[in-house]
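Here is what each chain is made of, one letter per residue.
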Amino acid sequence: MAELAPVYLDNAATTPVDPQVAAAMGACLTLDGNFANPASHTHHWGLAAADTVEQARSEVSQLTGAAIEEIVFTSGATEANNLALLGVAQRYETGHMISVATEHKAVLDPLVALRKQGWRIDLLPVDADGRVNLQQLEDTICDDTKLISVMHVNNEIGVVQDVAAIGALARERGVLLHVDAAQSIGKLPLDMHAQQIDLLSVCAHKFHGPKGIGALCVRRRPPLRIGALMFGGGHERGLRSGTLPTHQLVGFGEACRLARATMATDMPRIAAMRDALWSELQQLSGVLLNGSLEHRVAGNLNICVDGVEGESLVTALRQIGVSSGSACTSASLEPSHVLRALGRSAEQSQASLRISFGRFNSESDVSVAAADISQAVRRLRAMAPA
Amino acid sequence: MAHSKQVLQRFNCPQHVQVDQAEAVGTAGSRLAGSQIEIHLSRRDKVLQAGFKAYGCPATIASADYLCELLKGANAKFDELERHAIIRALELPAARQHCAALAIEAMRNAFEALDKK
């Protein structure tokens, strides 16, 4: 029997570029295309590129609710997060910032850097579902709090935070809100003004756009001034110098356009595949779901599997590509900080799988994944000491 | 981290997983620490029979499997193996060499248990 083609189920790590996105990008690279520097206003090639970039900016605007002039293009969400946190910090000598224990390293690491500069940083715990307690957040805000940074959707467990409620609280207390929306853009409705978000980080590659492009949306009404991290030309209103990559921006814009067109039909289909796989995997004993199922982005399934080691489990999977939460890189394991924040023990956290569906998965992928995971778990459990 | 061809081959198709009751068992490591190996030994006419059970990363499972291959059929006093033999054969990088050491520790505990029989 011919071996089945492997199935990509790691869409939370990155997604394949949509063919329509790739075609749009391909038209911006060569002499017969829209290849020029958008800052070159002395010839028609440059003017055409500038026009294309502004069309892409308009697409990002329509998906995020940010105004055109609020969008600062960056190399991705990591840079956007750094610009938001370090850029706000430049306005003050020191102060207090609040974030969450389950944030991405692209937020946690800049906060560590700020702590070394004298900033006071509080990381809020989450409940067993992975959600922030709003009362605890309110109690943590003090006179010196300058910024709250909360991710919209967690990259490991897919849990959705109530950013609108957090935005209302932050606005009421006069504190800035930064939201890392890398995992929610194109999957959940976003409107930075309706949700009272002051700084919004997004990127293209999590929803079938290219890697290497993102944006920080910076509130303009009333104007919010932050410091720049990159200098050399004053592009993006002085907040991010560097030649704009026309092809990347066109890809980002096209991914936004497609997401707006397909979100309403794609997300329920993707959630149904995720739910079907979870239903199948519950047939195995000792499988736990990490994080809320109710407050969860469509494609994400994150499970702990008892009695097997995480890296071996991922290596034993022959038919699917997924992520694991732990790796045996030394004599001691370092389990995922997100799973530990949920209250999972070190032993439970050792074997976690993140399975993430995307636009190009189909219903038949569910049974391939269920069979592959079940077979691997049974084989490894049979090999383990009692 | 990528594994060597030898590790993947043994991880995917281990030949020496213990299925029956053995005469003596030596254990090293623990599940809580992330890896645990049991080496099972039996003597038949002074010739060793060896098998393993393991919980851990692919290099842990491959180390245990290779060690059992070296032990099987050897003289019952054959307990002089060092972890370097496993490290070389499986091309274990520095970050994985503790897996070979764990297998050796389990083997020594198994020989100790066997000697007491």
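Definitions and limits used
Residues numbered from 1 in each chain as written. Chains lettered and ligands numbered in written order. Predicted model: local features only at pLDDT ≥ 70, side-chain atom pairs only at ≥ 80, totals over all residues. Heavy atoms only, no water. Contact = heavy atoms within 4.5 Å. Buried area = accessible area lost by both parts, 1.4 Å probe. Salt bridge = Lys/Arg side-chain N within 4 Å of Asp/Glu carboxyl O. Polar contact = N/O pair within 3.5 Å; in protein donor to acceptor, adjacent residues only side chain to side chain. Helix = DSSP H or I, 4+ residues; strand = E, 2+ residues; numbered from the N terminus. Expected span 1.5 Å × (residues − 1). Buried < 20%, exposed > 50% of the residue type's maximum accessible area, 1.4 Å probe, protein only. Core = buried A, V, L, I, M, F, W, Y, C linked by side-chain atoms within 4.5 Å. Domains from an automatic or database assignment. Pairing = 2+ DSSP bridges. Axes fitted to C-alpha atoms, helices over the stretch in contact; angles between N-to-C directions. 1 Å grid on protein atoms, 1.4 Å probe; cavity = no way out; pocket = protein on both sides within 12 Å on 5 of 7 lines; lining within 4 Å. Points joined across faces, edges and corners; volume = space filled by probe spheres on them. Nonpolar A, V, L, I, M, F, W, Y, C, P; charged D, E, K, R; others polar. pLDDT = per-residue confidence, 0-100.

Peer 1: Pulling in residues and values, what's your account of the interface of chain B and chain A?
Peer 2: Chain B puts 24 residues into the contact, and the matching count from chain A is 22 residues. A combined buried area of about 2000 Å² lies between chain B and chain A, and 54% of that area is made up of carbon and sulfur atoms. Counting the surface chain B buries against chain A, the share from its top three residues, B:F11, B:R31 and B:Y55, is 29%. A:E311 is paired through a salt bridge with B:R96; the nearest N and O atoms lie 2.7 Å apart. Along the contact surface separating chain B from chain A lie 7 residue pairs in polar contact (both at pLDDT 80 or more). Taken together, the elements giving at least two residues each to the side of chain B that touches chain A come down to α1 (5-12), β2 (35-44), β3 (47-55) and α2 (58-71) of chain B. With 4 residues, β3(B) is the largest single contributor of residues to the side of chain B that touches chain A.

Peer 1: Would you mind going over α2(B) in detail, with residue names and values included?
Peer 2: Because each turn of an α-helix spans 3.6 residues, side chains separated by three or four positions end up pointing in the same direction. The end-to-end C-alpha separation of α2(B) is 20 Å, in line with the 20 Å expected for 14 residues at 1.5 Å each. Within α2(B), burial applies to B:P58, B:A59, B:T60, B:I61, B:A62, B:S63, B:A64, B:D65, B:Y66, B:L67, B:C68 and B:L71.

Peer 1: I'd love a proper account of the nonpolar core, names of residues and values included.
Peer 2: One finds A:I148, A:F252, A:I355, B:I39 and B:L71 to be the most contacted residues of the largest nonpolar core, which totals 121 residues. At 14 residues, helix α7 (residues 246-281) of chain A tops the list of elements feeding residues into this core. Counting the residues that make up this core, at least three belong to each of domain 1 (7-14 + 264-383) and domain 2 (19-258) of chain A. When sequence neighbours within four positions are dropped, the list of residues in contact with A:I148 reads A:I98, A:L137, A:I141, A:I166, A:A170, A:V175, A:L176, A:L177 and A:H178. Among the nonpolar cores identified, the runner-up in size contains 22 residues, and A:L83, A:L111, A:I121 and A:V218 belong to it.

Peer 1: Report on the sheet that holds β3(B), specifying residues and quantitative values.
Peer 2: Residue and element names in this part refer to chain B. Pairing is antiparallel in the open sheet, where 3 strands are placed in the order β1-β2-β3. Each end of this open sheet is capped by a strand with a single partner; those strands are β1 (24-30) and β3. Sheet twist, expressed as the average angle between the axes of neighbouring strands with direction ignored, equals 15 degrees. Two elements, β2 and β3, share 9 bridges in a ladder whose sense is antiparallel. Bridge pairing links E38 to K53 in β3.

Peer 1: Please give an account of empty space enclosed by the protein that cites residues and values.
Peer 2: A full pass over the atoms with the stated rule returns 2 cavities of 30 Å³ or more. Its boundaries defined by the atoms lining it, the largest cavity holds a volume of some 220 Å³. A:K187, A:K206, A:M267, A:F357 and A:G358 are the residues nearest the centre of the largest cavity, which is lined by 25 residues in total. Of the residues forming the lining of the largest cavity, the biggest block, 5 residues, is contributed by α7(A). Considered class by class, the residues forming the lining of the largest cavity number 8 nonpolar, 13 polar and 4 charged. Shared between two domains, the lining of the largest cavity takes at least three residues from each, and those domains are domain 1 (7-14 + 264-383) and domain 2 (19-258) of chain A. Taken as a whole, the second largest cavity holds about 60 Å³ of empty space. Of all the secondary-structure elements, those providing two or more residues to the lining of the second largest cavity are α11 (364-383) of chain A together with β3 of chain B. Looking at the lining of the second largest cavity residue by residue, the classes come out as 7 nonpolar, 3 polar and 1 charged.

Peer 1: Residue-level account of the confidence of the model for chain A, with values.
Peer 2: Low pLDDT means the predicted atomic positions in that stretch should not be read closely. Looking at chain A, the pLDDT average stands at 95 and 96% of residues meet or exceed 70. Contacts for the low-pLDDT stretch residues 327-332 of chain A, under 50 throughout, to residues beyond four places or in other chains number 13 contacts.

Peer 1: An account of the pattern of salt bridges is requested, with residue identities and associated values reported.
Peer 2: Residue and element names in this part refer to chain A. Per the counting criterion, the structure on display carries 20 salt bridges over all chains. For R260, the salt bridge goes to E59, with nearest N and O atoms at 2.9 Å. Taken together, the residues R260 in helix α7 and E59 in helix α2 (residues 44-64) connect sequence positions 201 residues apart. A relative accessible area of 38% places R260 in the partly exposed class. Judged by its relative accessible area of 15%, E59 is buried. With its nearest N and O atoms 3.6 Å apart, the salt bridge here joins R221 to E69. Of the two residues, R221 is situated in the loop between β8 (214-218) and α7 and E69 in the loop between α2 and β2 (71-74); the sequence distance between them amounts to 152 residues. Classification of R221 as exposed rests on a relative accessible area of 58%. Residue classification places E69 among the partly exposed residues on the basis of a relative accessible area of 31%.

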